[in-house]
Amino acid sequence: MTAPALAFERVHFSYGADPILDGIDLEVLAGHVTALMGPSGCGKSTLLAIGAGLLEPASGRVLRTGRRTAIVFQDPRLLPWRTALANVAFALKADRLASAERRDRAMAALASVGLRGDDVRKYPRQLSGGMRQRVALARALVIEPDLLLLDEPFGALDRPLARQMQSLARDHVDRRRAAALVVTHDPREAADIAEHVAVLSPAPARVTSQRALPGHVASRTEAERAAAAGALTGDAERSPGADP
Amino acid sequence: MAAGRSKGARAIWGSLGIVLLLALWALGHRLYGPLVLPGLDETASALLRMMRDGTVGPALAATAGHAGLGWFAGAAVGIFAGTLAGLREEVRLTLQPVATILLGIPAIAWVVLALLWFGGSWAVVFTVAVATGPLVFAAATQGACSLDGDLARMARAFRAPASAMALDVYGPHMASHLFPALTTALAMSWKVSVMAELLSGAGGIGDGLAAARARVDTAETMAWIVVVVAVLITVDHLLVRRLQRRMDLWREDPRSTAS
């Protein structure tokens, strides 16, 4: 049986008096991508932040078996005063590597997301929204994480580029037997990238449905993807209080 | 638009401004005579004479010392207190009125008080520090107030060590707020230093100006003014503008942002 790389057990969280998460139970398995769906403002990003250790749950437990966790935020959150290359290399500072090695690995990570030449020396303000998001993905992948948390990372990209970035994240999961938790609004994206899909209710959020999609994403046929996306749309619509 | 001019065109327009100013100076000299406004040639020869007889070097060094020490002390206290005020509301509420009062006191009043309290060079250093500190304080407060929590969370998510947090996250943000205040304070420190030296007799360019005034030597007075302006322009071009250009590379500018 595949071990969970991240597990939420009866996790509750509130912002002040507003309850956001109401007893979340969810496992994110190693070697798998789990998509997290739910209406806007239901607490998906909060759950990801708890998974990354940036927020502490009010009650419940969060178990992480992985050594390295990386997160791609909805907003790329690049350091405006550092070039694309330095932004990616920044993620390696915790490893205390030599600066030449940091630079080489950052350069390779940027190349893998399609940024080369002059673009790597540009500052975030000189890059388009899609390029910034690619830099953020490179920054996450460069540390070779065991657990990858993605908060709607491909929303700013056009469809072909989004597919390319999805496959990069997917390749990383397969190659390192990493685990990934991906927040998305798009059932089709979930069907393209994930093995498991969890749907949250509106805040205070609970997991209203969990579904294992058939087969590995690489072997999934177009018809199976379309059918899975249709089923997920149904799950989301049946979620209590879902957006009409 | 000025931003679109080539480097050569900008140099030509800039030179034209300086030529116009010199022409006005020469015209003033012709109209009012050398006692009111010495000629360009008289000023240049006074300056050469002062440089040859070793008056300019030590005076410049003394003023640089006064201005530099005062600026450093004002900046250090301003950055420390301003950062604290930006991070803690109680400190901000306590110190902001103090900074406002200090900013309202004219530099000349500080010179008088400092002469009574310290006298000599320390009076000049104190005056510079107390005149520039509140400016830096205000900028540091603003910088610390606007530290980006999202970037700090990003850095924490990647387990950035404390040194990286300081050098890559907090440092550049604070520098972007402090830089304009520090450069303004630097220019101000020279002017305040010269003024305080003039009144205190603590040496330096201000002392030279006081001596020239006592002898009603307007050519020497103008020569000292040329020295002060030349130093400010040199520092501006060699240091301030270079740093400014580095910062402009990453600062948001809608005209150059990619779509």
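Just so it is clear, the model here is predicted, and its values are computed rather than measured.

### Observations concerning the overall build of chain B
Stage number 1. Of the regular secondary structure elements, chain B holds 10 helices and 0 strands.
Stage number 2. Seen along its three principal axes, the alpha-carbon backbone of chain B occupies a region of about 70 × 50 × 30 Å.
Stage number 3. Expressed as a percentage of the 259 residues in chain B, the buried residues total 36%.
Stage number 4. By sequence separation, contacts in chain B at least 24 residues apart represent 72% of the contacts at least 6 residues apart.
Stage number 5. Carbon and sulfur atoms form 70% of the exposed surface of chain B, whose accessible area is close to 14400 Å².

### Some words on the pairing of strand β9 (residues 207–212) of chain A
Residue and element names in this part refer to chain A.
Stage number 1. The pairing of strand β8 (residues 196–200) with β9 spans 5 bridges and is antiparallel. Paired with Leu200 across the bridge in β9 is Val207.
Stage number 2. Between β8 and β9, which pair antiparallel and follow one another directly, the connecting turn spans 6 residues.

### Quick notes on the pattern of salt bridges
Residue and element names in this part refer to chain A.
Stage number 1. Counting across every chain of the model gives 24 salt bridges over all chains.
Stage number 2. Two residues, Arg175 and Glu144, come together in a salt bridge whose shortest N-O distance is 3.8 Å. With Arg175 in helix α5 (residues 159–176) and Glu144 in the loop between α4 (129–141) and β6 (147–151), this residue pair connects regions lying 31 residues apart in the sequence.
Stage number 3. Look at Glu144 and you get partly exposed, because its relative accessible area is 27%.

### A few points about the sheet that holds strand β1 (residues 4–15) of chain A
Residue and element names in this part refer to chain A.
Stage number 1. Strand order in the open sheet formed by 3 strands is β2-β1-β4, with antiparallel pairing between adjacent strands. At either end of the open sheet lies a strand with only one pairing partner, and these are β2 (18–29) and β4 (59–64). If you compare each strand with its neighbour and ignore which way they point, the axes differ by 15° on average.
Stage number 2. Bridge analysis of β1 against β2 gives 9 bridges, and the strand direction is antiparallel. Bridged to Ala7 within β2 is Glu27.
Stage number 3. Running over the sheet, helix α1 (residues 44–51) touches β1, β2 and β4 and is turned about 120° from β1.

### Structural notes on the packing of aromatic side chains
Stage number 1. A full pass over the atoms with the stated rule returns 6 aromatic pairs over all chains.
Stage number 2. Ring geometry for Phe13 of chain A versus Tyr15 of chain A: centroids 4.9 Å apart, planes at 85°, classification edge-to-face.
Stage number 3. Assessed through its relative accessible area of 42%, Tyr15 of chain A is described here as partly exposed.
Stage number 4. Grouped by ring-pair contacts, the aromatic residues Trp110, Trp117, Phe118 and Phe126 of chain B constitute a single cluster.
Stage number 5. Looking at Arg77 of chain A, its charged tip hangs above the ring of Phe73 of chain A, at a distance of 3.9 Å from the centre.

### Here's the deal with the nonpolar core
Stage number 1. Within the largest apolar cluster, 97 residues are counted, with the highest numbers of intra-cluster contacts made by Phe8, Leu21, Ile24, Leu181 and Val197 of chain A.
Stage number 2. With 7 residues, the single largest contributor to this core is α4 of chain A.
Stage number 3. The residues touching Leu21 of chain A, leaving out its near neighbours within four places in the chain, are Val11, His12, Phe13, Cys42, Gly43, Thr46, Leu47, Ile50 and Ala205 of chain A.
Stage number 4. Within the second largest apolar cluster, 16 residues are counted, among which are Ala67, Ile205, Ala223 and Val227 of chain B.

### Examining the pairing of strand β5 (residues 69–72) of chain A
Residue and element names in this part refer to chain A.
Stage number 1. Residues Thr69 and Ile71 line one face of β5 and the alternating positions Ala70 and Val72 line the opposite face, and both faces are buried.
Stage number 2. Direction of pairing for β5 relative to β6: parallel, over a ladder of 4 bridges. By the bridge assignment for β6, Val72 is matched with Leu150.

### Overview of the confidence of the model for chain B
Stage number 1. In this model, chain B carries an average pLDDT of 90, and 95% of its residues clear a pLDDT of 70 or more.
Stage number 2. The ipTM value of the predicted complex is 0.88, and its pTM value is 0.80.

### Some remarks on a nonpolar patch on the surface
Residue and element names in this part refer to chain B.
Stage number 1. A cluster of nonpolar side chains, namely Leu24, Leu27, Leu31, Tyr32, Leu35, Val36 and Val216, defines an oily patch on the protein surface of about 790 Å² accessible area.
Stage number 2. Summarising the element assignment, Leu27 is placed in helix α1 (residues 7–32).
Stage number 3. The partly exposed category is assigned to Leu27, whose relative accessible area is 45%.

### Let's talk about the sheet that holds β5 of chain A
All names here are of chain A.
Stage number 1. Pairing within the open sheet is mixed, and its 6 strands lie in the order β5-β6-β7-β3-β8-β9. Each edge of the open sheet carries a strand with a single partner, namely β5 and β9. When strand polarity is set aside, the average angle formed by the axes of neighbouring strands in this sheet is 15°.
Stage number 2. Where strand β3 (residues 33–37) meets strand β7 (residues 179–183), 4 bridges bridge the pair, whose relative direction is parallel.

### What to know about the interface of chain A and chain B
Stage number 1. With 27 residues of chain A in contact, the opposing surface of chain B contributes 27 residues.
Stage number 2. Across the chain A to chain B interface the summed buried area is about 2500 Å²; carbon plus sulfur atoms make up 61%.
Stage number 3. If you sort the residues of chain A by the area they bury against chain B, Trp81, Phe90 and Arg125 of chain A come out on top, with a joint share of 33%.
Stage number 4. One salt bridge connects Arg159 of chain B with Asp95 of chain A, and the closest N-O pair in it is separated by 4.0 Å.

What counts and how
Residues numbered from 1 in each chain as written. Chains lettered and ligands numbered in written order. Predicted model: local features only at pLDDT ≥ 70, side-chain atom pairs only at ≥ 80, totals over all residues. Heavy atoms only, no water. Helix = DSSP H or I, 4+ residues; strand = E, 2+ residues; numbered from the N terminus. Buried < 20%, exposed > 50% of the residue type's maximum accessible area, 1.4 Å probe, protein only. Contact = heavy atoms within 4.5 Å. Areas by Shrake-Rupley, 256 points an atom, 1.4 Å probe, with all protein chains shown as cover. Pairing = 2+ DSSP bridges. Salt bridge = Lys/Arg side-chain N within 4 Å of Asp/Glu carboxyl O. Axes fitted to C-alpha atoms, helices over the stretch in contact; angles between N-to-C directions. Phe/Tyr/Trp six-rings, centres within 6.5 Å; stacked < 30°, edge-to-face > 60°. Lys NZ or Arg CZ within 6 Å of the ring centre and 35° of its normal. Core = buried A, V, L, I, M, F, W, Y, C linked by side-chain atoms within 4.5 Å. pLDDT = per-residue confidence, 0-100. Patch = residues over 30% accessible without salt bridge, like charges linked within 9 Å, V, L, I, M, F, W, Y side chains within 5 Å. Buried area = accessible area lost by both parts, 1.4 Å probe.

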